[in-house]
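Chain by chain, the residues:
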Amino acid sequence: MDIRIGVAHIQKEISLEMPDDFDLNSFKSDLEQALESETGMIWLTDINGREVGIPGNKIGYTEIGIQDSGRPVGFS
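**Q** Help me understand the overall build of the protein in this model?
**A** Summing up its helical and strand segments, the protein has one helix and six strands in all. From first element to last, N terminus to C terminus, the protein shows the α and β order β-β-α-β-β-β-β. Evaluated residue by residue, the protein yields a buried proportion of 29% over its 76 residues. Within the protein, residue pairs in contact and separated by at least 24 positions form 47% of the contacts whose partners lie at least 6 positions apart.

This is the structure:
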C-alpha cells in the first residue's frame, strides 16, 4: 500500500510504501486525531523501516492507494 502526504510549504509530497500488515483503519484514526490537534503528530514507519513524523497542522492532503491497483483513493 502506498501513502502520499502533502505538507504545507513543501513542494515535494511525502511518499511511503507501507508493509503488508499496515493497519489502515488505525492510520485513519491517528490521522484524524493529529489533524484535530494543534500540536499532534502522525508517525509512520515504511516498508524499509524509515520513520517519518509529520505535524498534523501541516498536512494538506493524504492519498491512500493500493499497489498495482491503479486506482488511488484520497482524502483530506
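The structure having been displayed, the exposition proceeds.
**Q** Whenever I open this one, the pattern of salt bridges confuses me. Can you help?
**A** Once their charged atoms are close, side chains differing in charge can pair, the charge on each being opposite to the other. Tallying each qualifying case throughout the model produces three salt bridges. When the shortest N-O distance is used, the salt bridge between Arg-4 and Glu-13 registers 3.0 Å. Judged by relative accessible area, which is 24%, Glu-13 ranks as partly exposed. The salt bridge involving Arg-50 is made with Asp-46; its shortest N-O contact spans 3.2 Å. Residue Asp-46 is classed as buried on the basis of its relative accessible area of 8%.

So, how was this worked out
- Residues numbered from 1 in each chain as written.
- Predicted model: local features only at pLDDT ≥ 70, side-chain atom pairs only at ≥ 80, totals over all residues.
- Heavy atoms only, no water.
- Helix = DSSP H or I, 4+ residues; strand = E, 2+ residues; numbered from the N terminus.
- Buried < 20%, exposed > 50% of the residue type's maximum accessible area, 1.4 Å probe, protein only.
- Contact = heavy atoms within 4.5 Å.
- Salt bridge = Lys/Arg side-chain N within 4 Å of Asp/Glu carboxyl O.

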